[in-house]
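Okay, here's what each chain looks like letter by letter:
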Amino acid sequence: MKKEVFAELYRERLLNMYAKPLEETSAYERYMVLATMVREKINGWWLREHTSGLREFHRRVYYLSAEFHLGRLLSLYIHYLGWETLVEEAFDLLGLDLEEILQAEREPGLGSGGLGRLAADMMDSLATLRYTAHGYGIRYRHGQFEQRIVDGFQVEVPDDWLRDGYPWEVRRKDRAVEVHFGGMVTMYERGGRLFFNYEHTEPVLAVPYYVPILGGSGMTNTLRLWSAESVYQPLSLEALRGADFQRMMQSERDAQMLSGTLYPDDSTEEGRRLRLKQQYFFVSASLQDILRRYLRYRDDVRRMHESVAIHINDTHPALAIPEWLRLLMDEEGLGWDEAWAVTRGTFSYTNHTILQEALETWPVGLIQSTLPRIWMIIEEIDRRERLKLTVRTDKTADETAGETAGLVAPIDLGKVSRMAIVERGVVRMAHLATVASHTVNGVSEIHSNLLKTRVLKDFYAADSARFVNVTNGISLRYWLEVTNPRLARLITEAIGDVWKRDPTALQKLHAYVEDASFRAAWAEVKKANKKTLSAHLAREGLSFDPSSRLDVQIKRIHGYKRQLLNILHVYTLYLKMKDGHVGDRVPRTYVFAGKAAPNYTLAKAIIKYIHCVAEKINADPEVRNYLQVLFLPNYDVTWAQRIAGAADVSEQIATASLEASGTGNMKMMLNGSLTIGTDDGANHEIFQAVGYDRAFVFGLSSEAVQRYYAQGGYDPHRLLGSNPYLKQAITHLLDGTFHESMMTLETIYHHLLTEGDPYFVLQDFASYVEAQERVAYTYVDEKRWWAWSIAQTAEAGRFSSDHTVKRYAQTIWQIQPLAGVDGEKRSDEA
């Protein structure tokens, strides 16, 4: 299509959609028109993949995740269509600023962090590599929340991302299903088979919204997002005035809450019930849809696992296991053993954490009252699993004789308790997911080993073949080609574009680390990206010196992520400067960004402390030319893109052993940032790839942290005497230095000293300071710094989500790609 034709079509569509001349439309309206035109172009391919894929008898994967942190899609899809030049030239003819229109896109409120972004990158790679895959999640009406900062405090307001519609979704009321809560379950026998009858349940209508997931090959998969609606519809005006009116209104309110927000506050009984119902709502609707799709073309559910792979992304969808058994037994008539065999052959599970607080458990009473049939199935799974541990059916003749003589070791009741699904009044969802899955994987080498040796040790000992490692990955198309086009062009000019199809080809960049002109060009890209970031920050009322060293920590605010360690170091650096120790005089800007869970007191106190320190430093004329602190509110995928290309130093400083993998570390590495971090999660594999001598590693090892947790012996008080500036910083939390915030900052003081510093901030402080000094020393050696920066990108290809997906496909899901050429690009022909 010629640019003149595209420009005219765009103008006509704008007039038809908004009944306004071009000059009177807003940037968002212009965005909606362009996005609609792009989606219409995708629709034909989408329908083709959908209809042809259903009929082909091949195994496909269904990816269940509570989060899909998609970010903005328009620029990515224009890139995949090969329309960049076409759209830019057409908009030039119309006098429109394409960048302004792209920036008008609102991010969908479908995720809060790395878990959801991993799911998005996985879906991108599945489509690009031509695997048939379907994502299932929830269409959260208000996302997690919009973060605002008022007087340094986080304030949460609803994220109304759907207020003007979402151009990528298609509502499919014809594919709606009912999900039922509560009520009573009665059981009766007929013809030697048990039947279950559900009475007085609370029904909710689950309506799917389809979102196309376009890959770099042109293949389009589908993400289905469920929205809860009331099943009650008024049949007449009289009904609106009658007794049904109150029931209808209550049903509508309940439905709105069910798909209202991501991770409802679970600090109350009602909040926990809502979160439980939300999880069941999404898995029940998803599994009903999967079963419907299967039965449309096949009729033997006993062979379903041969063509269906269902993957649980963390424990949020773990209720899918008892729900799948319910559907197979109660709806399809299978017996328990048959249903269990199909389930075990169908499900796989990724564990994303060893933190006890994140290994979900649910009170038995809550499940009994909210999901009575599901509780019956969980209870039966638990009974059967306990029986396996207490009654052996594989004894040898010698063992049997020995048992008769009383010589066989007694049952290990401790092991039975450790492996139980139901124990001490709660249901352990990680155990449920583990026993019912044919494969369980961790997300980095260290994390997978911790699962095997600690968290799921007994399960691993019982069946080690089911446990594998698949290290997380990121989409290079999204996080380099679209996020950092300046760098992508420079790389392509140097080594060609083969790296877009084979990410490991980035290793060819090693040949350029000694090339002075290439290093200079690389540095210029970083400087240009800093200037672009500075312009974006200025629109938010923030500013920084683009010539400064940019040190960033952008992730969810949590004790174990240790933003506290970072800001304590910054503050002690300030105290040293006030004492006349200016150091290398290289300006430094420290950027923090991330949200705290609404009910997480410590994390919210850390945000306030960051603002207290920032206010003091940024207002001090003696140091602000050398040191600056920024907190960016309402951090999202778009801000991650803007920062990734500009950052010099990537802070990956979580307590060793507690960060399962991380993907922010990979995104920063890909864009040439150098990592300061603990030898943990994917950091460990990054350091192995680039070399420990080209990173800034510090802190306790994972083994040392776990020993402290197991054996004790850590006393944070003894560390204060060895560092006067650290002691001064801790004292300032309570002595009135930040007088208006003393009550809030007390939380931090008590966390570090009264509560024993559970994330070893003080223990690792001296090592962290030493690592920061190595950062400063290296940064002033420009030749070394930019050579190391190039080396980071050169080794980033191994962390491509394409590699991750291929490993899942071959090792866990046993799926094959459809015919086609990986990485095939569409042309500018529209």
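Residues numbered from 1 in each chain as written. Predicted model: local features only at pLDDT ≥ 70, side-chain atom pairs only at ≥ 80, totals over all residues. Heavy atoms only, no water.

**Quick notes on the overall build of the protein**
Secondary structure assignment for the protein yields 33 helices and 23 strands. For a compact globule of 830 residues, the expected C-alpha radius of gyration is about 28 Å, and the protein comes in at 28 Å, within 12% of that figure. Its C-alpha atoms give the protein principal-axis dimensions of about 85 × 80 × 60 Å. Counting all 830 residues of the protein, 58% fall into the buried class. Considering only residue pairs separated by 6 or more positions, the protein has 77% of its internal contacts joining residues 24 or more positions apart. Summed over its atoms, the accessible surface of the protein is roughly 32800 Å², and 50% of this surface lies on carbon and sulfur atoms. Across the protein, the mean location of the 97 positive side-chain charges is 2 Å away from that of the 109 negative side-chain charges. (Helix = DSSP H or I, 4+ residues; strand = E, 2+ residues; numbered from the N terminus. Rg over C-alpha atoms; globule rule 2.2 N^0.38 Å. Buried < 20%, exposed > 50% of the residue type's maximum accessible area, 1.4 Å probe, protein only. Contact = heavy atoms within 4.5 Å. Areas by Shrake-Rupley, 256 points an atom, 1.4 Å probe, with all protein chains shown as cover. Lys, Arg positive; Asp, Glu negative; His and termini not counted. Charge placed at Lys NZ, Arg CZ, Asp CG, Glu CD.)

**Looking at the domain arrangement of the protein**
Domain assignment breaks the protein into domain 1 (3-235 + 245-357) and domain 2 (544-793). Of note, the centres of domain 1 and domain 2, computed from C-alpha atoms alone, are 36 Å apart. Both faces considered, domain 1 and domain 2 share a buried interface measuring about 2100 Å² in area, 53% of it formed by carbon and sulfur atoms. Looking only at domain 1, the three residues that lose the most surface to domain 2 are Q147, Q154 and L355, adding up to 24% of its buried area. At the junction of domain 1 with domain 2, the criterion picks out one salt bridge. Where domain 1 touches domain 2, the interface holds twelve residue pairs in polar contact (both at pLDDT 80 or more). Listing elements by their share of the side of domain 1 that touches domain 2, those giving two or more residues are α6 (114-128), β3 (146-150) and β4 (153-157). Of the residues assigned to the side of domain 1 that touches domain 2, the class counts are five nonpolar, eleven polar and nine charged. (Domains from an automatic or database assignment. Buried area = accessible area lost by both parts, 1.4 Å probe. Salt bridge = Lys/Arg side-chain N within 4 Å of Asp/Glu carboxyl O. Polar contact = N/O pair within 3.5 Å; in protein donor to acceptor, adjacent residues only side chain to side chain. Nonpolar A, V, L, I, M, F, W, Y, C, P; charged D, E, K, R; others polar.)

**Topic: the UniProt feature "modified residue: N6-(pyridoxal phosphate)lysine" (unreviewed entry) in the protein**
Residues annotated in UniProt with the feature "modified residue: N6-(pyridoxal phosphate)lysine" (unreviewed entry) correspond here to K667. Not counting residues within four places of it along the chain, the set of residues in contact with K667 comprises R117, I474, W479 and A644. (UniProt positions renumbered as here; feature names shortened; annotations may be inferred.)

**Side note on the pairing of β3**
One ladder, built from five bridges, connects β3 with β4; its direction is antiparallel. If you follow E146 over to β4, its bridge partner there is V157. (Pairing = 2+ DSSP bridges.)

**Overview of the packing of helix α1 (residues 3-18) against helix α4 (residues 84-94)**
Angle between the axes and distance between the axes: these two values describe a pair of packed helices. Orientation of α1 relative to α4, taken along the N-to-C sense of each, is 65°, at an axis distance of 8 Å. By the criterion of interaxial angle, the relationship of α1 to α4 is roughly perpendicular. The handedness of the crossing between α1 and α4 comes out as right-handed. Mapping the contact onto sequence places K3, E4, F6, A7, Y10 and R11 in α1 and L86, V87, E89, A90, F91, L93 and L94 in α4. (Axes fitted to C-alpha atoms, helices over the stretch in contact; angles between N-to-C directions. Parallel < 35°, antiparallel > 145°, perpendicular 65-115°, else oblique. Left-handed = near helix turned anticlockwise from the far one by under 90°.)

**Here's the deal with the pattern of salt bridges**
Evaluated as defined, the whole model comprises 44 salt bridges. One salt bridge connects D551 with R549, and the closest N-O pair in it is separated by 4.0 Å. R549 gets classed as buried once you look at its relative accessible area, which sits at 1%. Each member of the salt-bridge network shares a partner with another, and the members are E269, E270, R272 and R273.

**Structural notes on the sheet that holds strand β14 (residues 422-423)**
In space, the three strands of this open sheet follow the order β13-β15-β14, with antiparallel pairing throughout. Each end of this open sheet is capped by a strand with a single partner; those strands are β13 (361-363) and β14. Bridge count between β13 and strand β15 (residues 426-428): three bridges; the pairing is antiparallel. The partner of T361 across the bridge, within β15, is R428. Relative to the sheet, helix α16 (residues 429-436) contacts β13 and β15, its axis offset from that of β15 by approximately 45°.

**Quick look at a nonpolar patch on the surface**
Residues M1, V5 and L9 make up a contiguous nonpolar surface patch of about 220 Å² in total accessible area. Structurally, L9 can be placed in helix α1. (Patch = residues over 30% accessible without salt bridge, like charges linked within 9 Å, V, L, I, M, F, W, Y side chains within 5 Å.)

**So, the nonpolar core**
Counting 268 residues, the largest nonpolar core has Y10, F91 and Y609 as the members making the most contacts within it. There are two domains that each give this core at least three residues, and those are domain 1 (3-235 + 245-357) and domain 2 (544-793). Y10 has contacts with L22, R30, V33, L34, M37, F91, L94, L96 and I101, leaving out every residue within four places of it along the chain. (Core = buried A, V, L, I, M, F, W, Y, C linked by side-chain atoms within 4.5 Å.)

**Focus on a negative patch on the surface**
A cluster of acidic side chains, namely E4, E88, E89 and D92, defines a negative patch on the protein surface. The leading source of residues in the negative patch is α4, at three residues. Looking at the secondary structure, you find E4 in helix α1.

**Concerning unusual backbone geometry**
The backbone phi angle of R562 is positive, close to 65°, even though this residue is not glycine. Inspection of the secondary structure puts R562 in the loop between β18 (549-554) and α22 (563-578). Phi at S657 takes a positive value of approximately 85°, unusual for a residue other than glycine. For S657, the position within the fold is in the loop between β21 (649-652) and α25 (664-670).

**Side note on the side chain of S230**
For S230, the position within the fold is in the loop between β10 (220-229) and α7 (237-241). The buried category is assigned to S230, whose relative accessible area is 2%. Polar side-chain contacts of S230 include one of 3.1 Å to the backbone nitrogen of Y232. Contact partners of S230, with chain neighbours within four places excluded, come to L205, M248, S251, E252 and A255.

**A closer look at the side chain of R30**
For R30, the location among the structural elements is in helix α2 (residues 27-55). At 4.8 Å, E100 is the nearest oppositely charged side chain to R30, a buried residue that forms no salt bridge. Reaching out from R30, the side chain makes a polar contact with the side chain of T25 at a distance of 2.9 Å. Look past the residues within four positions of R30 in its chain and what remains in contact with it is Y10, L14, L22, E23, T25, L96 and I101.

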